[in-house]
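Chain residues, written in single-letter form:
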There are 2 protein chains.
Amino acid sequence: MRIGIDVDSGERPFQELIQGALESIEKYKDISVYFIGRSDRIKRYFPHLETNNKVFLVDAKEVIYMDESPILALKKKKDATVVVGCRMIKDGALDFFFSPGNTGATVACSVLTLGLINHIKKPSLATFFPRISEGETMLLDIGANPEATEENLYHNSILGLAYYTIIWKKKYPTIGLLNIGAENIKGNKNLKKAFELLRENQYFIGNVEGYNIFNGSVDIVVCDGFTGNSILKFAESIKDYFLAVLKDSFLTHSKNKILSYTLNLVGYIDEQKKILYDKILPKFYGAAPVLGVKGGILVGHGMSSSKDVKNAIDLAYFLYENNYLQNMNNLVNKFLKKH
Amino acid sequence: MRIGIDVDSGERPFQELIQGALESIEKYKDISVYFIGRSDRIKRYFPHLETNNKVFLVDAKEVIYMDESPILALKKKKDATVVVGCRMIKDGALDFFFSPGNTGATVACSVLTLGLINHIKKPSLATFFPRISEGETMLLDIGANPEATEENLYHNSILGLAYYTIIWKKKYPTIGLLNIGAENIKGNKNLKKAFELLRENQYFIGNVEGYNIFNGSVDIVVCDGFTGNSILKFAESIKDYFLAVLKDSFLTHSKNKILSYTLNLVGYIDEQKKILYDKILPKFYGAAPVLGVKGGILVGHGMSSSKDVKNAIDLAYFLYENNYLQNMNNLVNKFLKKH
């Protein structure tokens, strides 16, 4: 597998991202990594990088910043990391491209460069949440398309269904439409129309609510990109809050301070915290493919760290092994209602 | 303080709700409770209720169900619990009215019966989230008005500011507009226009994201009712998930099963869980006033239990003591930009 990593668009230093990718190279036998960014600078910090025959440096001198308007920036900056990455995908030189930069720019660039699967009008981004029951819950769209029409919501469902099938290999995943009540009279016009479009889909179980993401009663929760993005960012901050509360309750508030202290010394509390932390983070945390585009494009957080790069490579490798692009295309065509 | 409790609209048995209110009567010296519902049935289950001189039974034979369209139901069911409750507020017979029923119906009924504070076009519902730093973060609207115009978003900010001032007695609470990025070029037209309306407000700190609800960087997070409702319901399910994970990690996964078992025996783990649970639940959890209407109307979850009724009465009592209605009116007028 050949993966391109945009090392200059994120908010963390490029050295960290490169470090993460280098560790992944050790893990997988058959991958090569293309670092896309200012190659002079990379060489200065990693002088022996070229001796690694699994590493390539692709020079891209520009970066699209987080606060830039994607469309304007894409017109102006032809040598931006995301432009180069998407072009290499189009050219067949890369199997996957990961960028932790401006999500809007990566999404727009991938659509413009690679196009969308037949019938799909807008791409979608999905994330997973852990849950009490087995498996994970998928939420989409988490920000590829903030304002969704009924058709976009319907296509999100289909893209989600296809992707869930690939990731979780579940035969009958269920789809729910996020709404403010389970009754189908609720919600705005777009939601009511999307409900009608989904009504005859055998995987569709009706409207669901925010509760259902964690309780495991549905596999795929479909919403517009604004709502999904807000829920995702809120959820991410929870683990920090929860771990702070946990630490506080163990070390400060206990009636048995000595007991807490002793437990901490024997590593008991640290062990519990690690288990908790792992359970709070979903599978492939930190990267999401731009669903619907004809190419393996992965977006990450701006704050992506070396660990997130490793997760992104794990995800890319999993998708590569599971014939992601072809399967997405086939499954979307299979699930899409013939109009 | 005189409070009316709608005991028939919720999803839990009326006996539970009555039981909760009866416990609150013990706690406060100067409150009286009006149970609004089918009084024959109440009398059958609580034959000695009338001997309590702080209790009154108000007969209302109808209920607006969760899946009914609020406006149609309000036209048809003149003897519904919410209709009777709002009328009693209008009549000056009650200071507060609490309903765990169809939120849309309670909101619509209170607006139609009591009207809105000058200049306010739509009511709003707020909830609080605990956070790492001191105080709590307010999120509104959580569902009074699912689709918000720029003016509605602006009014949500003003209503939130007034209510936050009353509840938290903070002199300079900060307002943030929930968006999918901190840059003010993000978001749809309504959000951009709302940003402009708020720009000169001295409490406004700009766009915020889902992260900011828990991290304490802003006091009041403003959004449309659809997004707010989805985040709230998602958040509520988190505590269940966390407690399940916590229990699991303590009792199953530890390398030191014997230690876990021993800790459980001495009550250590239960104590920790209780502290955690308390920290995850915000202040006045379970009830929210319909902000903007000229009357003390509180809505609760459909699943409101006896404990939630007690919380609702605690909130009502706090608001009563803090001259809620007059303060809301004065503060909204003070904060509202003069057009």
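Going along each chain's sequence as written, the residues are numbered from 1 onward. Following the order in which they are written, the chains are lettered starting with A and the ligands numbered starting with 1. Reporting of local features is limited, given that this is a predicted model, to residues whose pLDDT is at least 70; pairs of side-chain atoms are given and counted only at 80 or more, and all residues count toward the totals for whole chains, interfaces and linings. Note that the side-chain values use all heavy atoms of the structure and ignore hydrogens as well as water.

Asker: Summarise the environment of Ala126(A); cite the residues concerned and give the values.
Answerer: Residue and element names in this part refer to chain A. For helices the rule is a DSSP run of H or I covering at least 4 residues; for strands it is a run of E covering at least 2, with both sets numbered from the N terminus onward. As for its placement among the helices and strands, Ala126 is situated in strand S5 (residues 124-130). Whether a residue is buried, partly exposed or exposed follows from its accessible area with a 1.4 Å probe, protein chains only, as a fraction of its type maximum: under 20%, in between, or over 50%, in that order. Classification of Ala126 as buried rests on a relative accessible area of 4%. For the pair Ala126 and Gly37, spaced 89 residues apart in sequence, the C-alpha separation works out to 26 Å.

Asker: Before we move on, can you summarise the pattern of salt bridges with the specific residues and values?
Answerer: By definition, a salt bridge exists where a carboxyl oxygen of Asp or Glu is found within 4 Å of a side-chain nitrogen of Lys or Arg. Considering all chains together, one arrives at 30 salt bridges over all chains under this definition. Where Asp59(B) meets Lys61(B), a salt bridge forms, and the shortest distance between an N and an O atom there is 2.5 Å. The exposure class assigned to Lys61(B) is partly exposed, which follows from its relative accessible area of 45%. Taking the shortest distance from any N to any O, the salt bridge between Glu151(B) and Lys121(B) comes out at 3.1 Å. Highlighted residues: Glu151(B) in helix H6 (residues 150-168) and Lys121(B) in the loop between helix H5 (103-114) and strand S5 (124-130), separated in sequence by 30 residues. Residues joined in a network through salt bridges with shared partners are Asp8(A), Arg38(A) and Arg41(A).

Asker: Provide a residue-level description of the sheet that holds strand S3 (residues 55-59) of chain A, including the pertinent values.
Answerer: Residues and elements named next belong to chain A. The 11 strands are arranged S3-S2-S1-S4-S11-S10-S5-S6-S9-S7-S8 in an open sheet whose pairing can be described as mixed. In the strand order of this sheet, the two ends are held by S3 and strand S8 (204-208), each with one partner. When the angles between neighbouring strand axes are averaged without regard to direction, this sheet yields 25 degrees. Summarising the sheet, strand S7 (residues 175-178) and strand S9 (residues 220-222) pair through 3 bridges and their orientation is parallel. Bridge pairing in S9 places Gly176 opposite Val221. Here, residues are in contact when the closest pair of their heavy atoms is within 4.5 Å. The angle between two axes is taken between their N-to-C directions and runs from 0 to 180 degrees, where each axis is a line fitted to C-alpha atoms and a helix contributes only its stretch in contact. Running over the sheet, helix H7 (residues 189-198) touches S7 and S8 and is turned about 170 degrees from S7. One requirement defines pairing of two strands: DSSP has to find at least two bridges between them.

Asker: How would you summarise the nonpolar core if you had to cite specific residues and measurements?
Answerer: Among buried residues, the Ala, Val, Leu, Ile, Met, Phe, Trp, Tyr and Cys ones that are joined through side-chain atoms within 4.5 Å form a nonpolar core. Of all hydrophobic cores here, the largest spans 224 residues; its most connected members are Phe35(A), Tyr163(A), Phe35(B) and Tyr163(B). If near-sequence neighbours (up to four positions away) are discounted, Tyr163(A) is found in contact with Ala126(A), Phe128(A), Met138(A), Pro289(A), Leu291(A), Leu315(A), Leu319(A), Tyr324(A) and Met328(A).

Asker: Could you give me a rundown of helix H4 (residues 81-90) of chain B, with the residues and numbers involved?
Answerer: With 8 of its 10 residues buried, H4(B) lies for the most part within the structure. Immediately downstream of H4(B), the backbone of Gly92(B) shows phi near 80 degrees, a positive value.

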